[in-house]
Number of protein chains: 6
Amino acid sequence: MRPSNRQPDQLRKVTIETGVTRYAEGSCLITFGHTKVLVTASVEQGVPPFLKGKGQGWVTAEYGMLPRSTHTRSRREAAAGKQSGRTQEIQRLIGRSLRAVVDLKALGERQIIIDCDVIQADGGTRCASITAAWVALSLACDKLKEQKLITGNPIIDQVAAISCGVYENTPVLDLDYDEDSSAETDSNFVLTGSGHIVEVQATGEKRGFSRDEFNALFDLADKGAKEIFALQLSALGR
Amino acid sequence: MRPSNRQPDQLRKVTIETGVTRYAEGSCLITFGHTKVLVTASVEQGVPPFLKGKGQGWVTAEYGMLPRSTHTRSRREAAAGKQSGRTQEIQRLIGRSLRAVVDLKALGERQIIIDCDVIQADGGTRCASITAAWVALSLACDKLKEQKLITGNPIIDQVAAISCGVYENTPVLDLDYDEDSSAETDSNFVLTGSGHIVEVQATGEKRGFSRDEFNALFDLADKGAKEIFALQLSALGR
Amino acid sequence: MRPSNRQPDQLRKVTIETGVTRYAEGSCLITFGHTKVLVTASVEQGVPPFLKGKGQGWVTAEYGMLPRSTHTRSRREAAAGKQSGRTQEIQRLIGRSLRAVVDLKALGERQIIIDCDVIQADGGTRCASITAAWVALSLACDKLKEQKLITGNPIIDQVAAISCGVYENTPVLDLDYDEDSSAETDSNFVLTGSGHIVEVQATGEKRGFSRDEFNALFDLADKGAKEIFALQLSALGR
Amino acid sequence: MRPSNRQPDQLRKVTIETGVTRYAEGSCLITFGHTKVLVTASVEQGVPPFLKGKGQGWVTAEYGMLPRSTHTRSRREAAAGKQSGRTQEIQRLIGRSLRAVVDLKALGERQIIIDCDVIQADGGTRCASITAAWVALSLACDKLKEQKLITGNPIIDQVAAISCGVYENTPVLDLDYDEDSSAETDSNFVLTGSGHIVEVQATGEKRGFSRDEFNALFDLADKGAKEIFALQLSALGR
Amino acid sequence: MRPSNRQPDQLRKVTIETGVTRYAEGSCLITFGHTKVLVTASVEQGVPPFLKGKGQGWVTAEYGMLPRSTHTRSRREAAAGKQSGRTQEIQRLIGRSLRAVVDLKALGERQIIIDCDVIQADGGTRCASITAAWVALSLACDKLKEQKLITGNPIIDQVAAISCGVYENTPVLDLDYDEDSSAETDSNFVLTGSGHIVEVQATGEKRGFSRDEFNALFDLADKGAKEIFALQLSALGR
Amino acid sequence: MRPSNRQPDQLRKVTIETGVTRYAEGSCLITFGHTKVLVTASVEQGVPPFLKGKGQGWVTAEYGMLPRSTHTRSRREAAAGKQSGRTQEIQRLIGRSLRAVVDLKALGERQIIIDCDVIQADGGTRCASITAAWVALSLACDKLKEQKLITGNPIIDQVAAISCGVYENTPVLDLDYDEDSSAETDSNFVLTGSGHIVEVQATGEKRGFSRDEFNALFDLADKGAKEIFALQLSALGR
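The written sequence of each chain sets the order in which its residues are numbered from 1. The order in which chains are written sets their letters, starting at A; the order in which ligands are written sets their numbers, starting at 1. Two thresholds apply to this predicted model, a pLDDT of at least 70 for residue-level local features and 80 or more for giving and counting side-chain atom pairs, whereas whole-chain, interface and lining totals are computed over all residues. Only heavy atoms go into the side-chain values, all of them from the structure, while hydrogens and water stay out.

Draft legend 1. Region of interest: the overall build of chain A. What chain A contains, in helices and strands, is six helices and nine strands. In this treatment the radius of gyration is a C-alpha quantity, and the globule benchmark scales as 2.2 Å times the residue count to the 0.38 power. For chain A, whose C-alpha radius of gyration is 18 Å, the value lies close to the compact-globule estimate of 18 Å for 238 residues. In terms of its C-alpha atoms, chain A occupies a principal-axis envelope of roughly 55 × 40 × 30 Å. By the burial criterion, 61% of the 238 residues in chain A qualify as buried. Where helices and strands are cited, they refer to DSSP runs of H or I of at least four residues and of E of at least two residues respectively, numbered from the N terminus. Throughout this description, buried means an accessible area under 20% of the type-specific maximum (1.4 Å probe, protein chains only), exposed means over 50%, and partly exposed covers the range between.

This is how it looks when you write it as structure tokens:
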């Protein structure tokens, strides 16, 4: 039995509310149960130095947790003077995941910066961030098209992420914090709408895991991703 | 005429919603028009080293702006590796303002850390932060009393803050961003429910100002603070 | 009775010696009783990036305390790897105060950097710094005029600062360290020669204060500033 | 055809030389073709603060590349003042991989720090580091047993890592730099001697990949790991 | 001919004024021509961690230059966020030089921190700092004896430093900035009152130098040091 | 008797192996007994900003120790976030030593960066680094000539370094760690093939030393350097 009484293959309630900030070119607030992440997409002229003059754009991401988004307060990274290894790992993953479904040439020499700020954390914040980042990015690209700044569509596929894990020897979908902190295995799958894999990360937290277990996690992820892809489209009114 | 069509002595619509996060001992979301700040109060055992063994507690504050809380994206302070001078100035002010109305002995050897995170900025974020911080702090103290961890009431007065300025030669209450960015004079008043002054900061941004102008700002602040004190009590259900 | 036996409205002995360093375009050593601050004004070609090509100059300030300028040694900020919040707050205040009386267009595309280094601290270092900074800045502008690098006079008014506070329930002028560390209220007034207010900062350190007390502090500041303006002019030989 | 003329399932020549430094409790130099990593294991009394008094030890890892271990010189991280996100990600992975096969209780309250320094990089440095780290860690544990500082054996399984990728649409084992920089998919598998999975990371660098491709990579990893486990034992003279 | 018209073996005018700050246990202002350094000695209870419980004291030094102590303004190290390599090299040298003539056991478990702050730089600041540091340190030890906190005399010898160089092919004593910036060879000698060498550093800035040249520099240093030792004693009133 | 049974004027066994890395334009591994340093020379287009457009090149050096190159593990500087004062002092010395024998004009507008990484430390790492750096630099210049990127020879002399010290009252050549850690005096001589001195640093670690002792150290250094110059040439096959 899962602490939340969910079925092994049941997602938490997922909601995606768009247009939640006044200034960002794209924005949404995503919830996965008690996990809440505010995501904005900001369009900036110009590209990082390594891309100057190459006729293409760039998409990158930053991630942060509000100090009291967690059960006990974490130190504010700005006060500590640096981003933790975990933060950097997550923001690199978000950026890679998005770039896998973006035609950077179609963006022109501009950069879209995604900011994922966790308001409340109950497990799965990196997956919620990737999922919402795709929505915010899509909205920002829509705006560029409306403003006739670009002609083509830089978004070539959907991308979303979902966590799975082995909890009390049962493979389960969408771990919440209670499950995550005691799961034997934790994994994150970043998948595309057209059925490809962008990134898989699986870790045996408490013990190694078998290939059968891994395949069961993969099946759960496939199922969960399909539901999430539908929610992304619905949030965009498509 | 103010850009927002408000009367010179008219506040923006102010709302204070409490209990907005699941984990913090006290929390609220304050809005002043389009300005939105999420404030949490976290109780921690122990005090900073300079207070060890003195039989008293401590209250301190941290402040941050989400990168895209502003019209154009600002650099994330955690990525920059330090908090700006402005950030430090504001968080020091919030801490001082709260400590002016707290009986630190009554807290016992524990610390309450206030986190003020600006979700959307349209002027007046430091005043909104102080005003909301008092509410979150009160909620956290209520919780300490409920849990019988303290007996007395550490909160000895209300405290709130409001900005005023001279805009197109007219003293006005509660500057929004449009006014703030072109005001001749900008000031912040931190006042207590019992009618005392905790902090006054007034700056001639474009030109020096006269003592008469200053007194007019002070009168506006007194009027605005009274309305805000009522909203604080109402948010606490008193 | 004040620890220094001064009258409530009596300044400490203030001296301003100009031309104290060999290289700086303007310099002076100011003393307020035992407080001593060495101030230099350095002229540099060019302006910060945000002003490039706008046909105007800039004035900015930095502040520091020698490690043993205080009763007990403070950590050297260069060794600590960062400037404290207090240091940043003070240097921002000095810069703002000076810019309020400078015609930045008349400076041309050059920057004047003021360095205020506290040799000995006995209260009032930020006020002494602002007061001396105006003298050093004036000397640097005189030099620019002598060298025919500018034609107009960028200095459009005098500016000086003075602290006041409520000490044992009496409003007093120009707090020294003994008073400052036990005053109920501490305030700094930055005023111009033509009678305007540039900046007011007042804090209830031990308790809130009343508007009457505040007005009494303001009256003391007005009186003190007049004496200081005369000393500034005298230091410049005018 | 692979640039190195290897078969798709063929490892580069792998060598592990032990005892290569005079001071470390355990050490080895591993080569995977032109990739060379020097790994040391250092035993230190005591554990990190979060483990104090829990009756267990700790294993952690640090990773670095010599500035000219790469085709063009990279900036020295010590001079840059921080470790890159990539470096932190790799050293966290090495630490997690080792802890999956160590009985931390059997170590007692001591810490073993693994240092992996890349002398020459030609792809696969993180996998080579993990593989060699297990050898160095085993040597350090042997030394603790010889010195009768511990009685049991903290090493409960072998662990090694290997990269695989899809190169010109063919799944291949053990990518070198030429392959890695143009592969469509890159993956790292951390596996145990007893056949469990500790960590899987797979990224579609150029395009998403299919589940069939992923399974082919997994098969290659299984085959390669078996060869590497034998080399580890041989290096230890078992 | 030297730019200053001095003889090759002639020091600049050297003055040492003691007791120049109100708070430090020892202090002096040293001038070597236009070079001016303010030096304080601060006594602190306790020693650095590596000396805890060893029944001895410690002497260490810090060095800094005011930003406009030089011909053109240098960046403030506190603002830059770190001390330069040159600064660290100099403060390490000052500390070593002093410890060579101090009986650390006689100090007891306390630390004396020397702060050397360059008010105006015209060459030779590190030598002036060492020379003055010995005076400030002696004054601080005198104070400890007066207060009966120590019984013996921790100062076992005098120490002073002087620069020499080959300027236009002539060995000269006590380089000023004009000479230093174009000298072929630059050297610093740290010598004791009893005729020993504590430290020698000689660099061929423009070209290598011969052993004969080096010996000539050494002779000059010996002569100069004798004069400086007399000035140190005179400053202490001995 | 020296711990290593060497004669007072006897070097440890010194070897220099060239071409030890695949990518660097010049490289060698030097050993002085148990001390091992890996040195690479990297050629980069362009020069530091202060040399732009001056028609000359630059040579600079960086130095690091692997964390477990020493008896007990030292903290990794990249993890600590800064290079120690000692590291900076050494890398500045290496750079100065090399530039003393290089015709920077002959290099053209390019920079050669020397990286000295200590694999194992047993005393004398800075001298070994300088000695090997000259070899790596020469190899890199040879490569530039082969590629016809330069016509002249930028290397105008040999340079090498050797340490000497007074150990148990006897001047000895080439201190190893055992001697270094208990020597009364430690010195480093950087000398050129043509018999000039580039840099001398001598420190009385335990006590001051006499000029006679210093001269004896100098004689030893001269003898040792001659042997090392021959080894450098031999390593280059000349």
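Draft legend 2. Focus on the interface of chain C and chain E. Residue contacts follow a heavy-atom distance rule, with two residues in contact if any of their heavy atoms lie within 4.5 Å. Residue-level contacts link 39 residues of chain C with 39 residues of chain E. Defined in terms of a 1.4 Å probe, buried area is the accessible area two parts forfeit on being brought together, summed over both. Both faces considered, chain C and chain E share a buried interface measuring about 2,900 Å² in area, 49% of it formed by carbon and sulfur atoms. Salt bridges, as used here, are contacts in which a Lys or Arg side-chain nitrogen is within 4 Å of a carboxyl oxygen on Asp or Glu. The tally of links from chain C across to chain E stands at twelve salt bridges. Close ionic contact of Arg73(E) with Asp115(C) constitutes a salt bridge, the shortest N to O distance being 2.6 Å. The term polar contact refers here to a pair of N or O atoms within 3.5 Å; inside protein, the definition further demands a hydrogen-donor-capable atom paired with an acceptor-capable atom, and it admits residues adjacent in sequence only when both atoms are side-chain atoms. One can count 22 residue pairs in polar contact (both at pLDDT 80 or more) joining chain C with chain E.

Draft legend 3. Main features of the side chain of Thr40(F). By secondary structure assignment, the location of Thr40(F) is in strand β3 (residues 35-45). Relative accessible area serves as the criterion here: at 6%, Thr40(F) is assigned to the buried category. Apart from residues lying up to four places away in sequence, Thr40(F) is in contact with Arg68(D), Thr21(F), Ala24(F), Gly26(F), Ser27(F), Ile113(F), Ile114(F), Asp115(F) and Ala136(F).

Draft legend 4. Region of the structure containing the packing of aromatic side chains. Only Phe, Tyr and Trp rings are paired, with Trp represented by its six-membered ring, and only when their centres lie within 6.5 Å; those with planes under 30 degrees apart are stacked, over 60 edge-to-face, the remainder tilted. One pass over the full model with this rule turns up 39 aromatic pairs over all chains. Look at Phe218(E) and Phe214(F): their rings are 5.8 Å apart centre to centre, the planes differ by 70 degrees, and that puts the pair in the edge-to-face class. Taken as a pair, Phe218(E) in helix α6 (residues 211-235) and Phe214(F) in helix α6 (residues 211-235) lie in two separate chains rather than in one. Residue Phe218(E) is classed as buried on the basis of its relative accessible area, which comes to 1%. An aromatic cluster of at least three residues, connected via ring pairs, comprises Phe189(A), Phe209(A), Phe214(A), Phe218(A), Phe189(D), Phe209(D), Phe214(D) and Phe218(D).

Draft legend 5. Broad picture of the relation of the copies chain A and chain B. Only residues with pLDDT of at least 70 in both copies contribute their C-alpha atoms to the least-squares superposition of the copies. Mapping chain A onto chain B is achieved by rotating through 180 degrees and translating by 0.0 Å along the same axis, at an RMSD of 0.0 Å. Here the two chains are linked by the operation of a two-fold rotation axis. Residues of chain A ranked by C-alpha distance from the rotation axis are headed by Ala78(A), positioned 1.9 Å from it. Interface residue correspondence from chain A to chain B reaches 100%, placing this contact among same-surface, isologous pairings.

Draft legend 6. Geometry of the UniProt feature "binding site: phosphate" (unreviewed entry) in chain A. All names here are of chain A. Residues annotated by UniProt as "binding site: phosphate" (unreviewed entry) correspond here to Arg86, Gly124, Thr125 and Arg126. For the residues just named, distributed over 41 residues, the greatest C-alpha separation is only 13.5 Å, placing them together at one site. Along the chain, Gly124 turns up in the loop between β5 (110-120) and α4 (125-146). Once you skip the residues sitting within four places of it in the chain, Gly124 turns out to touch Arg12 and Leu175. Note on placement: Thr125 falls in helix α4. The class for Thr125 is buried, based on a relative accessible area of 7%. In contact with Thr125, not counting residues within four places along its chain, are Thr35, Val37, Tyr63, Arg86 and Val118. UniProt positions are given in the numbering used here, feature names are shortened, and annotations may be inferred rather than shown by experiment.

Draft legend 7. Summary view of the UniProt feature "domain: Exoribonuclease phosphorolytic" (unreviewed entry) in chain A. Residue and element names in this part refer to chain A. What UniProt calls "domain: Exoribonuclease phosphorolytic" (unreviewed entry) maps, in this numbering, to residues 10-140 and 157-223. Between the C-alpha atoms that bound residues 10-140 there is a distance of 31 Å. The span itself is 30% helix and 32% strand. When the span residues 157-223 is considered, its composition is 25% helix and 43% strand, and the gap between its end C-alpha atoms is 18 Å.

Draft legend 8. Looking closely at the state of the cysteines. The criterion for a disulfide is a pair of cysteine sulfur atoms lying within 2.5 Å. Counted by the stated rule, this structure contains zero disulfides over all chains. Cysteine Cys141(E) remains unbridged, with the sulfur of Cys28(E) as its closest cysteine sulfur at 13 Å.

Draft legend 9. Broad picture of the interface of chain A and chain B. Contact residues are listed per partner, giving 39 residues for chain A and 39 residues for chain B. Together, the buried faces of chain A and chain B total about 2,900 Å²; carbon and sulfur atoms form 50% of this surface. Summed over the three residues of chain A that lose the most area to chain B, namely Tyr23(A), Arg68(A) and Arg73(A), the buried surface amounts to 28% of that side. Linking chain A with chain B are twelve salt bridges, by the criterion used here. Notably, a salt bridge pairs Glu62(B) with Arg76(A), separated by 3.0 Å at the nearest N-O pair. Viewed at the interface, chain B and chain A are joined by 22 residue pairs in polar contact (both at pLDDT 80 or more). In terms of residue count, strand β3 (residues 35-45) of chain A provides more of the side of chain A that touches chain B than any other element does, seven residues in total. The classification used treats Ala, Val, Leu, Ile, Met, Phe, Trp, Tyr, Cys and Pro as nonpolar, Asp, Glu, Lys and Arg as charged, and all other residues, Gly among them, as polar. Classifying every residue of the side of chain A that touches chain B by side-chain character gives 15 nonpolar, eleven polar and 13 charged.

Draft legend 10. Summary view of the packing of α6(E) against α6(F). Inter-axis angles, ranging from 0 to 180 degrees, are taken between N-to-C directions of lines fitted to C-alpha atoms, where helices are fitted over the stretch in contact. Put simply, α6(E) and α6(F) touch, their axes get as near as 13 Å, and they point 160 degrees apart. On the basis of their axis angle, the class for α6(E) and α6(F) is roughly antiparallel. Relative to α6(F), the crossing made by α6(E) is right-handed. Where α6(E) abuts α6(F), its residues Arg211(E), Phe214(E), Asn215(E), Phe218(E), Asp219(E) and Asp222(E) lie against Arg211(F), Phe214(F), Asn215(F), Phe218(F), Asp219(F) and Asp222(F). Residues that form the contact of α6(E) with α6(F) fall into these classes: four nonpolar, two polar and six charged. Working definition: roughly parallel below 35 degrees, roughly antiparallel above 145 degrees, roughly perpendicular at 65 to 115 degrees, and oblique for all remaining angles. Handedness of each helix crossing follows the sense of rotation of the near helix against the far helix: counterclockwise by less than a right angle gives left-handed, clockwise gives right-handed.

Draft legend 11. Region of the structure containing unusual backbone geometry. Residues and elements named next belong to chain B. In this structure, Glu168 is a non-glycine residue whose phi angle is positive, near 45 degrees. The topology assignment puts Glu168 in the loop between β6 (159-167) and β7 (170-173). Among the residues examined, Glu168 registers a relative accessible area of 52% and is labelled exposed.

Draft legend 12. Inspection of the pattern of salt bridges at higher detail. In this structure the tally under the stated criterion is 126 salt bridges over all chains. A salt bridge links Glu199(A) to Arg96(A); the shortest N-O distance between them is 2.6 Å. With Glu199(A) in strand β9 (residues 197-204) and Arg96(A) in helix α2 (residues 85-99), this residue pair connects regions lying 103 residues apart in the sequence. Exposure remark for Arg96(A): the relative accessible area of 22% places this residue in the partly exposed category. Between Lys223(B) and Asp9(B) there is a salt bridge, with the nearest N and O atoms lying 4.0 Å from each other. Of the two residues, Lys223(B) is situated in helix α6 (residues 211-235) and Asp9(B) in the segment before β1 (14-18); the sequence distance between them amounts to 214 residues. Here Asp9(B) falls in the partly exposed class, since its relative accessible area comes to 31%.

Draft legend 13. Seen up close, the sheet that holds strand β7 (residues 170-173) of chain C. Strand pairing is defined by DSSP finding a minimum of two bridges between the two strands. The sheet built from eight strands is open, its strands ordered β7(B)-β6(B)-β8(B)-β9(B)-β9(C)-β8(C)-β6(C)-β7(C) with antiparallel pairing. Looking along the sheet, the strands with just one partner apiece sit at the ends: β7 of chain B together with β7 of chain C. Strand-to-strand twist of the sheet, defined as the mean angle between neighbouring strand axes without regard to direction, takes the value 15 degrees. Here strand β9 (residues 197-204) of chain B pairs with strand β9 (residues 197-204) of chain C via five bridges, running antiparallel. When the sheet's bridge partners are listed, Glu199(B) is paired in β9(C) with Thr203(C). Here helix α2 (residues 85-99) of chain B sits on the sheet in contact with β6, β8 (185-192) and β9 of chain B together with β9 of chain C, set at roughly 150 degrees to β9(B).

Draft legend 14. Seen up close, helix α2 (residues 85-99) of chain F. All names here are of chain F. Given the number of residues in a helix, its expected span is that number minus one, multiplied by 1.5 Å. Over its 15 residues, α2 runs 21 Å from end to end, which matches the ideal 21 Å to within 8%, given 1.5 Å per residue. Counting buried positions along α2 yields eleven of 15 residues, so the element is predominantly enclosed. Here α2 has its buried residues at Gly85, Thr87, Gln88, Glu89, Ile90, Gln91, Leu93, Ile94, Gly95, Ser97 and Leu98.

Draft legend 15. Broad picture of the pairing of strand β7 (residues 170-173) of chain A. Residues and elements named next belong to chain A. Across four bridges, strand β6 (residues 159-167) lies against β7 in antiparallel orientation. Bridged to Tyr167 within β7 is Thr170. Between β6 and β7, which pair antiparallel and follow one another directly, the connecting turn spans two residues, one of which, Glu168, has a positive phi of 45 degrees.

Draft legend 16. The arrangement of the environment of Leu11(A) in detail. Residues and elements named next belong to chain A. Tracing the chain through its elements places Leu11 in the segment before β1 (14-18). Expressed as a C-alpha distance, the spacing of Leu11 and Ile114, which sit 103 residues apart in the sequence, is 25 Å. Setting aside its immediate chain neighbours within four residues, Leu11 contacts Arg6, Ile162, Leu173, Asp174, Gly224, Glu227 and Ile228.

Draft legend 17. Up close: the environment of Phe218(F). In the structure, Phe218(F) is positioned 54 residues away from Cys164(F) in sequence and 8.0 Å away in space, judged by C-alpha atoms. Residues in contact with Phe218(F), not counting those within four places in the same chain, are Arg211(E), Phe214(E), Phe189(F), Leu191(F), Ile197(F) and Val200(F).

Draft legend 18. How the structure looks around helix α4 (residues 125-146) of chain C. Residue and element names in this part refer to chain C. Between its first and last C-alpha, α4 extends 31 Å over 22 residues, near the 32 Å set by a 1.5 Å rise per residue. Of all the 22 residues making up α4, 17 are buried; the element is thus mostly covered by neighbouring parts of the structure. Lys148, located one to two residues past α4, shows a positive phi value of around 55 degrees.

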